[in-house]
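Observations on the three-dimensional arrangement
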Amino acid sequence: FLRANYNYTGSSHGALLVSDPDYNRPSYDLVGASFGVTHRDWEFGVYATNLFNEQKIIQTPDHASLPVGYTLRPRTIGVSASGKF
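Throughout this document, residue positions are counted from 1 along each chain, in the order its sequence is written. With the structure being a predicted model, the display of local features is reserved for residues of pLDDT at least 70 and the display and counting of side-chain atom pairs for 80 or more, all residues being used for whole-chain, interface and lining totals. In computing side-chain values, all of the structure's heavy atoms are included and hydrogens and water are not.

Looking now at the pattern of salt bridges. Here a salt bridge means any side-chain nitrogen of Lys or Arg lying within 4 Å of a carboxyl oxygen belonging to Asp or Glu. Taken as a whole, this structure holds 1 salt bridge when the rule is applied. Measuring nitrogen to oxygen at the nearest pair gives 2.5 Å for the salt bridge that ties R25 to D22. Assessed through its relative accessible area of 4%, D22 is described here as buried. When accessible area is computed with a 1.4 Å probe and restricted to protein chains, residues below 20% of their type maximum are described as buried, those above 50% as exposed, and intermediate ones as partly exposed.

This part is about the environment of K56. Runs of E in the DSSP output that reach at least two residues are strands. Runs of H or I that reach at least four are helices, and both are numbered from the N terminus. Looking at where K56 falls in the secondary structure, it is placed in the loop between β5 (42–49) and β6 (57–59). The class of K56 is partly exposed, set by a relative accessible area of 32%. Here the alpha-carbon distance between K56 and R40, two residues 16 residues apart in the chain, equals 42 Å. Between two residues, a contact is recorded if the distance between any of their heavy atoms is within 4.5 Å. Once residues within four sequence positions are removed from consideration, K56 is found in contact with P26, S27, Y28, Y70, T71 and L72.

Once that is clear, we can look at the sheet that holds strand β4 (residues 28–39). For two strands to pair, DSSP has to find at least two bridges joining them. Within the open sheet, the 4 strands sit side by side as β1-β4-β5-β10. Their pairing is antiparallel. The open sheet has two edge strands with one neighbour each: β1 (2–9) and β10 (76–83). Between one strand and the next, the sheet's axes are offset by a mean angle of 20°, whatever the strand orientation. Across 8 bridges, the pairing between β5 and β10 is antiparallel. Its bridge partner being in β10, F44 is matched across the sheet by A81. Throughout, an axis means a line fitted to C-alpha atoms (over the contacting stretch in the case of helices), and angles, computed between N-to-C directions, take values from 0 to 180 degrees.

Sparse coverage of β1 is indicated by the burial of 0 of its 8 residues. Direction of pairing for β1 relative to β4: antiparallel, over a ladder of 8 bridges. In the sheet register, N5 faces β4, and the bridge partner there is G32.

This is the structure:
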């Protein structure tokens, strides 16, 4: 099997006041993919999330008057196995 996914999140507002650093939140795209094989009752695969390692700062809330920046989860690559019993 071969799978791919694409997620788009549009821009948004994270605060009520225009002067707040978190007022404008940018849009971003995420791409993921997986592939693998099925053998009898078992499925083995390899997957990747955030395939292009998008690191855009998507939120900048104030915590105790200190600005903070949150990014997307970095690229993750892994393996999976599942079986039917």
